[in-house]
Amino acid sequence: MGRNELALTPPGHGRLWLLGALFLVTLPHLLRMPPWLSISCLLIFGWRLLHEVRGYDLPGRWLRYLIVFIGIAAVGAAYRTLLGPDAGVALLTVMLCLKLLELRTLRDAMIALFIGYFMVVGGFLFSQSIAMGGYLFLVVLALTATLIALNHPAGRLADYRLYLSTGGKLLLQSLPLMLLMFLLFPRLSNPLWSVPEQGPSARTGLSDTIEMGSISNLVQSQAVAFRVDFDGNVPAADALYWRGPVLWHTDGRRWERMQMPIQREPPAFEVLGEEVAYTVTLEPHRRRWIFALDLPLNRPRAANTAFYFLPDFQLLSEREVKEKLRYAMRSATAYRLDTLSPAMHAAATALPGIANPRTRRLAQQWLEEGITPAEIVQRGYRLFREQPFYYTRQPPQLGDDPVDEFLFSTRRGFCEHYASAFVTLMRAAGLPARIVAGYQGGEFNELGDYLIVRQSNAHAWAEVWLQEQGWLRVDPTTAVPASRVESSVDAARFQSTSSLDDGAGFAALRKLYRQFRYGWDALNHSWNQWVLGFDRQKQLELLRKLGLHTASWGWLAGIMVGLVMAVVALIALLTLFRRPPRRDPVARLYQRFCDKLAKAGLPRQLDEGPTDFAARVSAARPELASAVQRISQLYIRLRYTRHGGTQDIESLRRLVREFKAQI
Amino acid sequence: MQPPLQQVIEQAGRFILGKEHPIKLSLACLLARGHLLIEDLPGVGKTTLSHVLAGTLGLEYNRIQFTSDLLPADILGGTVYERDSGAFTFHPGPIFSQLILADEINRATPKTQSAMLEAMEEQQITIEGKSYPLPSPFFVIATQNPTYQIGTFPLPESQLDRFLMVITLGYPAHDAERALLMGRERRDMLQEIKPVIRPEELLALQRQVREVHASESLIDYIQALLAFSRHSPWYLTGLSPRAGLSLLSASRAWALLAGRDHVMPEDVQAILPYVVAHRLQPADDTTVHSAEALVKPFAEVPIP
């Protein structure tokens, strides 16, 4: 078999490596694609594997064309398009699998492999987590090892260590360059290309309407809603009310937001206590509002989004939050807020038609007793404590007058039941009141020194306007004593010390688990902050610390190219000038002689003996023949015969010196 | 080159046309006290080469044709009851000769092959508890048909290891073949061979080979070659220490043939393919390699 033919067929072990690496590369996409499409792709992998191992036939040309056509049609049918990231990556995955059916020459294998490298980038389109990063790093390692296996004609499957270690070394060597480019590559304030909207994806987190039962579904999720780094002390747990949508309108069952004019700065209010400064990292929830500690003092600052306020202190981003969003804020936890426009007053006291008559009657009763508004608020709050109200995640279904049923018959509910019942009661008594949805509390991660707020912290509470005090926050859920809380998970929410009677070992295990969870979350937080969140702002900060103040686009590009070239040049120099150390003077003198000839265009081959080399040089440069022969003879005498002493070394030294002058 | 060796090569060259390199290799193998395996198609002159060598060196010569029904006793000999003396006496087999041509050794069964090869290794045979030394010098030229031909028992690697060198003769060049076709009957010419060297002189030369100087730099080179074979992904298994010794003694013989009293890296390179190729297993054994192609990767080893 000729050399050319050998070069054209990928070696058997290389083909198996290729199969494995391509499987790893497509795996995240196979998991995302419709199951029937993924299974078809796996069948093709299986077919190729059987071909390699058992020698099964691959399809003929026409069948292959048919399969390719079906593959394109299948992706089209599954996604209703061939464009966009979802369908595009699926099409690429399917085509890569189909390529396995006609992979014959080394060239085919290399193309498939390079598509594999490209697909690694595709993996980041859908997830940029640490886990995905780690996985894709392993995939790159597998691909690089495959590249080595494919180009190793004499290699074999059992040499996997050689491939992996060589591939690993290559990746490690490229690491400094990667870091350099990561740190210095000019960042755009907007993405270079925008990833188009991806179909109907589920929105997570709070919705902008509240119905009985909408939050109790949400709190079952342990997903992180946002994380908060405080600049100073963390406020007390009972001050951690994270304000979200404010709900005014109700039809008796559903609560909705009110249309209001937007404004750039927060409405004015009176600050009573200390200010709290903090930075929120919000997980994407595909809605426009963002969360701040009650009450925000300033307009949040973030890299590439503008924000504005509504008069009821809702904070909105100008776009839906589709990527992680970091913004810095200041808030005052003790305040006095008086603003109540006539429109707000009207909205805050409106109750629909004739719904919930018993509730209205109760409020009417209180009014007839002639008590002050502040006492009415007290009465309402005490109602939940003194009557047998239960806090539960599985509240019973409510009928046409939900507040009536809740207040007078079922008396079992979740925070939205309490908040809406309380607000309805206050409005029936003529007091302006509104529901605020958001999050309450959070877990403090000591490992990362930040607060984690999860979906399970979702909450709803009430605000009542009193003539003397302005808007007053009332959280009617807290009126329910811990003894009437049904779910053990929620018990932890009411009292910080767990009343569960664990054994000591179990407690230690639980502590270990919490530590692990906090550690992992802290790692994720740093990843978000320093890797995903490394934007132009951070880049400029870093460069400023390095003493570089004019970091324009061109500058950055220049520095990056310069540094990369410097690294490459350094590596090249090290390779060029790395030579095994020679202590033997004879070998050193001969090396000098060879170097001189190499410069004259006659380099000695690695495996060329002194006699052969002398003969070749003499033939090429007859005028040097005698000197070359003399030096070679002397070298051989010193190095390979029994003879030769110090005077020979001296004469060799002299001859080499003369030779260098002669050439 | 020493005059007697020069004469040997010249006379052999007259009978085997255009094959000076294989003749020199055979002679080096003989001087290094190794055995030679010629692997080639029938009819390219394997038998002639061994005839000529035996005649030129003045050695007693026996030819053993290996067949599938040949038994160990057919080679080694055996004890036979003699009615006249009333005692068992040992009748030496054809192996008791200074130069043996073991023709088509891979046609014999493994049992017979191993009897032969053990005798080669030990330089003596043992029958019924009694040892009989083989003559000295003792040199085996075995021939083997290419293993893919039918009716062969390929020699296992452990047996191949006992041959210092494995060479091929190959087809003659155009001019040499023409001279062969135009010339006299080879069989007649063989009768005219005259020894140019006596067995004692040959033994002296063999001793001289052992005196050829191998410097530390040269040993470095041989060790580098061995290490390369062990770490290189081109081969399944590396070379053994015995292979290293063989490499050294063959290089010494080659240096002596070149008339030097010291070994040069070029000597090692000259005999490398014939000494190591049969001891190496290529990792990619899908193709049939020539010895020269098989050792090509050794060019990566720098001469220290």
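Residues numbered from 1 in each chain as written. Chains lettered and ligands numbered in written order. Predicted model: local features only at pLDDT ≥ 70, side-chain atom pairs only at ≥ 80, totals over all residues. Heavy atoms only, no water.

K.L.:
For this particular structure, what's the right way to read the overall build of chain A?
P.N.:
Scanning chain A for helices and strands turns up 22 helices and 19 strands. Of all 663 residues assigned to chain A, the portion counted as buried reaches 45%. Expressed as a percentage of contacts within chain A between residues at least 6 apart in sequence, the contacts between residues at least 24 apart total 72%. In the form shown here, chain A has an accessible surface area of approximately 34200 Å², with 59% of it arising from carbon and sulfur atoms. (Helix = DSSP H or I, 4+ residues; strand = E, 2+ residues; numbered from the N terminus. Buried < 20%, exposed > 50% of the residue type's maximum accessible area, 1.4 Å probe, protein only. Contact = heavy atoms within 4.5 Å. Areas by Shrake-Rupley, 256 points an atom, 1.4 Å probe, with all protein chains shown as cover.)

K.L.:
I tried to follow the overall build of chain B on my own but got confused; where do I start?
P.N.:
Helices and strands together make up the secondary structure of chain B, namely 13 helices and 9 strands. Looking at chain B as a whole, 51% of its 304 residues are labelled buried. Pairs at least 24 residues apart make up 76% of the contacts formed inside chain B by residues separated by at least 6 positions.

K.L.:
Explanation requested: a positive patch on the surface in the structure shown.
P.N.:
Residue and element names in this part refer to chain A. Among the surface-exposed residues, Arg588, Arg592, Lys599, Arg657 and Lys660 lie close enough to one another that they form a single positively charged patch. Of all the secondary-structure elements, those providing two or more residues to the positive patch are helix H19 (585–599) and helix H22 (646–662). A per-element tally of the positive patch places H19 first, with 3 residues. Along the chain, lysine 660 falls in helix H22. Here lysine 660 falls in the partly exposed class, since its relative accessible area comes to 34%. (Patch = residues over 30% accessible without salt bridge, like charges linked within 9 Å, V, L, I, M, F, W, Y side chains within 5 Å. Salt bridge = Lys/Arg side-chain N within 4 Å of Asp/Glu carboxyl O. Lys, Arg positive; Asp, Glu negative; His and termini not counted. Charge placed at Lys NZ, Arg CZ, Asp CG, Glu CD.)

K.L.:
How do you make sense of a nonpolar patch on the surface when you look at a structure like this?
P.N.:
Residues and elements named next belong to chain A. A grouping of Phe137, Leu138, Leu172, Leu175, Met178 and Leu179 is seen on the molecular surface, where their side chains present a nonpolar patch of about 580 Å² in accessible area. Among the elements of the structure, helix H7 (130–150) and helix H8 (160–184) are those that each provide at least two residues to the nonpolar patch. It is H8 that provides the largest number of residues to the nonpolar patch, a total of 4 residues. Residue leucine 138 is classed as exposed on the basis of its relative accessible area of 51%.

K.L.:
It is not clear to me how the sheet that holds strand E1 (residues 224–230) of chain A should be interpreted in this structure. Could you clarify?
P.N.:
Strands in a sheet are paired, the pairing made by backbone hydrogen bonds, and the direction either parallel or antiparallel. Residues and elements named next belong to chain A. What the 5 strands build is an open sheet, ordered E11-E6-E1-E17-E16; its pairing is antiparallel. Taken across any chain shown, the strands that pair with only one partner, and hence form the sheet edges, are strand E11 (325–332) and strand E16 (443–445). Along the sheet, successive strands turn relative to each other by an average axial angle of 30 degrees, direction set aside. With 8 bridges connecting them, strand E6 (residues 275–282) and E11 associate as antiparallel partners. If you follow threonine 279 over to E11, its bridge partner there is alanine 328. (Pairing = 2+ DSSP bridges. Axes fitted to C-alpha atoms, helices over the stretch in contact; angles between N-to-C directions.)

K.L.:
So what exactly am I meant to see when it comes to the sheet that holds strand E7 (residues 289–290) of chain A here?
P.N.:
All names here are of chain A. Read from one edge of the open sheet, 3 strands run E7-E10-E9, paired in antiparallel fashion. Edge strands, defined here as strands with exactly one partner in the open sheet, are E7 and strand E9 (307–309). Where E9 lies against strand E10 (residues 315–317), 3 bridges are found, and the strand directions are antiparallel. Among the inter-strand pairings, phenylalanine 307 is bridged to a residue of E10, identified as serine 317.

K.L.:
Looking at this structure, I do not really get the nonpolar core. What am I missing?
P.N.:
Burial of nonpolar side chains together is a common tendency in soluble globular proteins. Residues A:Phe593, B:Leu31, B:Leu57, B:Met165, B:Leu247 and B:Phe298 are the most contacted members of the largest nonpolar core, which totals 95 residues. Considering every element that reaches this core, the biggest residue donor is helix H11 (residues 241–257) of chain B, with 9 residues. Every residue in contact with B:Leu31, bar those within four places of it in the chain, is listed here: B:Leu5, B:Leu202, B:Leu205, B:Gln206, B:Val209, B:Ala253, B:Leu256 and B:Leu257. Formed by 70 residues, the second largest nonpolar core is a distinct cluster that contains A:Leu206, A:Val228, A:Trp366 and A:Cys415. (Core = buried A, V, L, I, M, F, W, Y, C linked by side-chain atoms within 4.5 Å.)

K.L.:
Would you take a moment to explain the interface of chain A and chain B for this structure?
P.N.:
Many authors give the size of an interface as the accessible area that is lost as the parts come together. With 23 residues of chain A at the interface, the matching set in chain B holds 26 residues. Between chain A and chain B the total buried area reaches about 2100 Å² when both faces are included, carbon and sulfur atoms providing 55% of it. Together, A:Asp607, A:Tyr640 and A:Arg642 form the three largest contributors to the area buried by chain A at its contact with chain B, with a combined 32%. Where chain A meets chain B, there are 0 salt bridges. Mapped by element, the contributors of at least two residues to the side of chain A that touches chain B are helix H20 (610–620) and helix H21 (625–640) of chain A. With 4 residues, the single largest contributor to the side of chain A that touches chain B is H21(A). For the side of chain A that touches chain B, the class distribution of residues is 10 nonpolar, 5 polar and 8 charged. (Buried area = accessible area lost by both parts, 1.4 Å probe. Nonpolar A, V, L, I, M, F, W, Y, C, P; charged D, E, K, R; others polar.)

K.L.:
Explain the packing of aromatic side chains here, please?
P.N.:
To describe a pair of aromatic rings, you give the distance between the ring centres and the angle between the ring planes. Residues and elements named next belong to chain A. Under the criterion given, the structure shown has 32 aromatic pairs over all chains. Between phenylalanine 230 and tyrosine 278 the ring centres are 5.9 Å apart and the planes differ by 50 degrees, which places this aromatic pair in the tilted class. Of this pair, phenylalanine 230 sits in strand E1 while tyrosine 278 sits in strand E6; the two residues are 48 residues apart in sequence, bridging distant segments of the chain. The residues phenylalanine 230 and tyrosine 278 share a single accessibility class, namely buried. Here the aromatic residues Phe226, Phe230, Trp242, Tyr278, Phe291 and Tyr439 are joined through ring pairs into a cluster of three or more. A cation over a ring is seen here: arginine 412 above tyrosine 390, with NZ or CZ 5.5 Å from the ring centre. The lysine or arginine in question, arginine 434, covers the ring of tryptophan 471, its NZ or CZ lying 3.7 Å from the ring centre. (Phe/Tyr/Trp six-rings, centres within 6.5 Å; stacked < 30°, edge-to-face > 60°. Lys NZ or Arg CZ within 6 Å of the ring centre and 35° of its normal.)

K.L.:
What is the right way to read helix H3 (residues 46–57) of chain B from this model?
P.N.:
Along an α-helix, residues three or four positions apart point the same way, because every turn accommodates 3.6 residues. Residues and elements named next belong to chain B. The end-to-end C-alpha separation of H3 is 17 Å, in line with the 16 Å expected for 12 residues at 1.5 Å each. Taken as a whole, H3 has its buried residues at Lys46, Leu49, Ser50, Val52, Leu53, Ala54, Thr56 and Leu57. Positive backbone phi, approximately 65 degrees, marks glycine 58, located one or two places after H3. (Expected span 1.5 Å × (residues − 1).)

K.L.:
How should the pairing of strand E19 (residues 470–474) of chain A be read in this particular structure?
P.N.:
The two faces of the sheet receive side chains in turn, since in a regular strand these alternate between them. All names here are of chain A. Bridge count for strand E18 (residues 458–466) against E19 is 5 bridges, and the pairing is antiparallel. Of the residues in E19, the one forming a bridge with valine 464 is leucine 472. Where E18 folds back onto E19 in an antiparallel hairpin, the turn is made up of 3 residues.

K.L.:
Mind showing me how you'd approach empty space enclosed by the protein here?
P.N.:
Over the atoms, a rolling probe the size of a water molecule traces out where space has been left empty. All names here are of chain A. For the structure on display, the rule yields 3 cavities of 30 Å³ or more. If you add up the space inside the second largest cavity, you get close to 40 Å³. Taken together, Thr250, Gly252, Trp255, Leu351, Pro352, Ala355, Asn356, Arg360 and Thr424 form the lining of the second largest cavity. Here the lining of the second largest cavity is composed, by residue class, of 4 nonpolar, 4 polar and 1 charged. (1 Å grid on protein atoms, 1.4 Å probe; cavity = no way out; pocket = protein on both sides within 12 Å on 5 of 7 lines; lining within 4 Å. Points joined across faces, edges and corners; volume = space filled by probe spheres on them.)

So, to be careful, I would describe these as geometric facts and stop short of saying anything about function.
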